[in-house]
Amino acid sequence: MSADYFLDITTAVCPLTFVRTKLRVERMAPGETLEVRLNAGEPLENVPRSLIELGHEVHGPEPEIPASPEGVYRLWVTRR
């Protein structure tokens, strides 16, 4: 999936993972898409769910390395 913007939050910890993602999405125009790179665990559980609760469209997540479910994931957020 193509994206208009990219955000890597693999070095951030919760709740900053969601805060950084939310701030980036807020600066986007409706219909634009953000690709987010995030770690498994708490960020993977909380970031997509919180974005959906705000009404945004979320695709994924997909692991960067399919054989490594505990690794890094990517998801795509379209602002609504």
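Residues numbered from 1 in each chain as written. Predicted model: local features only at pLDDT ≥ 70, side-chain atom pairs only at ≥ 80, totals over all residues. Heavy atoms only, no water.

J.: Got a minute to help me understand helix α1 (residues 16-26) in this structure?
T.: One turn of the α-helix equals 3.6 residues, which is why residues spaced by three or four share an orientation. Inspection of α1 places T17, T21, R24 and V25 among the buried residues, and these make up the whole buried set. One side of α1 holds all its buried residues, which, seen down the axis, span an arc of 100°. Contacts made by the buried residues of α1 are with β1 (5-8), β2 (33-39), α2 (42-53) and β4 (72-78). (Buried < 20%, exposed > 50% of the residue type's maximum accessible area, 1.4 Å probe, protein only. Helix = DSSP H or I, 4+ residues; strand = E, 2+ residues; numbered from the N terminus. Arc of directions from axis to C-beta. Contact = heavy atoms within 4.5 Å.)

J.: Help me understand the packing of aromatic side chains, please; the structure alone is not making it clear to me.
T.: Remark: the centre distance and the inter-plane angle together describe each pair of aromatic rings, the angle taken between the planes. Tallied over the full model, the rule gives zero aromatic pairs. Across the ring face of Y5, the terminal group of R24 is positioned such that the distance to the ring centre comes to 4.0 Å. (Phe/Tyr/Trp six-rings, centres within 6.5 Å; stacked < 30°, edge-to-face > 60°. Lys NZ or Arg CZ within 6 Å of the ring centre and 35° of its normal.)

J.: Looking at this model, I keep getting lost on the sheet that holds β1. Mind explaining?
T.: Hydrogen bonds between backbone groups are what pair the strands of a sheet, and the pairing can be parallel or antiparallel. Across the sheet, which stays open at both edges, the four strands sit in the order β1-β2-β4-β3 with mixed pairing between neighbours. Edge positions in the sheet fall to β1 and β3 (57-63), since each has one partner strand and no second. Strand-to-strand twist across the sheet, computed as the mean angle between neighbouring axes with direction ignored, equals 20°. Pairing of β3 with β4 involves five bridges; the strand directions are antiparallel. Paired with E57 across the two strands is T78, which belongs to β4. On top of the sheet, α2 reaches β2, β3 and β4; it is set at about 155° to β2, its chief contact. (Pairing = 2+ DSSP bridges. Axes fitted to C-alpha atoms, helices over the stretch in contact; angles between N-to-C directions.)

J.: Which parts of the structure should I look at to understand the environment of R80?
T.: Mapped onto the elements, R80 comes out in the segment after β4. Expressed as a C-alpha distance, the spacing of R80 and P66, which sit 14 residues apart in the sequence, is 29 Å. If we skip the residues at most four places from it in the chain, R80 touches G55, H56 and E57.

J.: Which parts of the structure should I look at to understand the nonpolar core?
T.: Here is a general trend for soluble globular proteins: nonpolar side chains tend to be buried in one another's company. Formed by 15 residues in total, the largest nonpolar core has its most connected members in V36 and L38. Put simply, the parts of the chain that give this core at least two residues each are β2, α2 and β4. In contact with V36, not counting residues within four places along its chain, are L7, I9, T21, Y73, R74, L75 and V77. (Core = buried A, V, L, I, M, F, W, Y, C linked by side-chain atoms within 4.5 Å.)

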